[in-house]
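Overview (structure and organization)
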Amino acid sequence: MYTQSFSVSDGNANDTAKDSAKASAKNTVKGPKPVPVISAEEAEKIAAFEQRIADDGRIEPQDWMPEAYRKTLIRQISQHAHSEIVGMLPEGNWITRAPSLKRKAILIAKVQDEGGHGLYLYSAAETLGVSRDKMLDDLHTGRAKYSSIFNYPTLTWADVGVIGWLVDGAAIMNQIPLCRCSYGPYARAMIRVCKEESFHQRQGYESLLVMMRSTEEQRAMVQDAVNRWWWRCLAMFGPPDADSPNSALGMRYGIKRFSNDDLRQKFVDATVPQAEVLGVTLPDPNLKWNEARDHYDYGAIDWDEFWRTLNGDGPCNKERLATRVKADRDGQWVRDAALAYAQKRAAREAKEAA
Ligand code: 3HC
């Protein structure tokens, strides 16, 4: 077993998580402020919505939904979309330097996939009534977040493999449960995203296997990349549950199926055997199997670094944002031309039909 595939549990089998999400749906939880006075009609809509969530059904764009549900989804899906398109940058830097034609073709396909994921996710968010322009403006002006992991540089070719293995591996662990998220368009978008991420993870792992079977220098390069990326990948799952302000609402609404800490633990447990097959050491002296817990114990994550990076002070935050802003500006003429063409064509068709 050395890869992480689309068959990662989506939470369906985990009755504990499901039960706790359902149980918390019935209890009073932190979340939307209660509306002081509501009409009977509104109460009926809320009850129908709550029932659909409790039954593990899907909410669709035309359905009534509480404002807090809409806002939580817009926040999460847009941040996710931003992560996909910013995530194209660290690896995109290596397209011209890939060591062979085969690796170059794989890398181009992967980076292109990430762009596609961004598009599905922006489209899913648009069904909630937010425009793509607004979401992109929030990204470009620094109001919106994207994954902390993409604010680190890709120093060597081994970083590209490690991003596939660990970063995409962490992403799959987080995203498989989203295929069963309560919001239909998000859940459906995630099915294809996860299939493609699974390929990304496998290609990364395979390229590292090749390097590990090569020279001493290549092996050292892989180990160095693993040392630099391991802790960042653990932080990718978000702050510890006790410091995660959005988790309660996300779980109550069936958007998140597992907590940040639970997913992090699943990732550690799945990755340690993969590291053993690869022949690399994970840089954590406290990493050891805990018989009683039936999980690996692991050391302390540097949360100060995580928050610093989130707040704009990571090694590449400025560079990433500047690149996105430039790409958006450089592409404006294409959007203008496409729009002008569509308008011209619509006008001609209207004239012909008249
Ligand atoms: N990077 C940046 N911000 C993060 C973060 C991370 N790794 N982890 C948490 N945060 C932010 C949250 O967005 C939240 O910010 P906000 O309140 O201003 O919106 C704050 O830190 C507190 O975190 P919470 O745990 O309370 O937030 P959530 O409940 O939303 O959980 C999450 C965070 C687990 C990232 C969740 O939003 C999620 O599952 N998102 C969908 C998956 C996703 O966005 N993945 C992105 C990375 S992978 C990828 O996209 C590309 C792939 O190709 C590798």
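Residues numbered from 1 in each chain as written. Predicted model: local features only at pLDDT ≥ 70, side-chain atom pairs only at ≥ 80, totals over all residues. Heavy atoms only, no water.

1. Some points on the overall build of the protein chain
Helix and strand counts for the protein chain stand at 14 helices and two strands. The buried share of the protein chain, reckoned over its 354 residues, is 48%. Within the protein chain, counting contacts between residues at least 6 apart in sequence, those at least 24 apart form 79% of the total. (Helix = DSSP H or I, 4+ residues; strand = E, 2+ residues; numbered from the N terminus. Buried < 20%, exposed > 50% of the residue type's maximum accessible area, 1.4 Å probe, protein only. Contact = heavy atoms within 4.5 Å.)

2. As for the nonpolar core
In this structure, Tyr69, Ile77, Trp165, Tyr183, Tyr186 and Phe267 are the most contacted members of the largest nonpolar core, which totals 83 residues. If one sorts the elements of this core by residue count, helix 7 (residues 157–175) sits on top with 11 residues. With residues near it in sequence (within four places) discarded, Tyr183 still touches Arg58, Ile59, Glu60, Pro61, Met65, Tyr69, Leu73, Ile77, Ala124, Thr127 and Leu128. (Core = buried A, V, L, I, M, F, W, Y, C linked by side-chain atoms within 4.5 Å.)

3. Regarding the site of the ligand
Inspection of the region around the ligand gives 33 residues, with Gln79, Glu114, Lys145, Ser244 and Lys256 positioned closest. In this structure, Glu84 approaches the ligand through a side-chain N or O atom, which is 3.4 Å from an oxygen atom. Within the contact set of the ligand, an oxygen atom lies 2.7 Å away from a side-chain nitrogen or oxygen of Glu114. For the ligand, whose unbound accessible area comes to 1000 Å², protein coverage reaches 91%. Listing elements by their share of the shell around the ligand, those giving two or more residues are helix 3 (67–86), helix 7, helix 8 (184–212) and helix 12 (303–313). (Near = heavy atom within 4 Å. Polar contact = N/O pair within 3.5 Å; in protein donor to acceptor, adjacent residues only side chain to side chain. Areas by Shrake-Rupley, 256 points an atom, 1.4 Å probe, with all protein chains shown as cover.)

4. Concerning the side chain of His117
Inspection of the secondary structure puts His117 in helix 5 (residues 101–126). If near-sequence neighbours (up to four positions away) are discounted, His117 is found in contact with Glu84, Val193, Glu196, Glu197 and His200.

5. A look at the pattern of salt bridges
Applying the stated rule across the entire model yields 24 salt bridges. In this structure, Arg228 engages Asp159 in a salt bridge whose closest nitrogen and oxygen atoms are separated by 2.8 Å. With Arg228 in helix 9 (residues 216–235) and Asp159 in helix 7, this residue pair connects regions lying 69 residues apart in the sequence. Just as Arg228 is buried, Asp159 falls in that class too. Ionic pairing is found between Glu196 and Arg192, a salt bridge with its closest N-O pair at 3.0 Å. (Salt bridge = Lys/Arg side-chain N within 4 Å of Asp/Glu carboxyl O.)

6. Focus on helix 9
Counted at 1.5 Å a residue, the expected span for helix 9 with its 20 residues is 28 Å, and the 30 Å between its end C-alpha atoms agrees. In the structure, helix 9 departs most strongly from a straight axis at Trp229, where the bend amounts to approximately 35°. Every buried residue of helix 9 is accounted for by Val222, Ala225, Val226, Arg228, Trp229, Trp230, Arg232, Cys233, Leu234 and Ala235. Check the buried side of helix 9 and you find it contacts helix 7, helix 8, helix 11 (260–278) and helix 12. (Expected span 1.5 Å × (residues − 1). Bend = angle between axes of the 7 residues up to and from the residue.)

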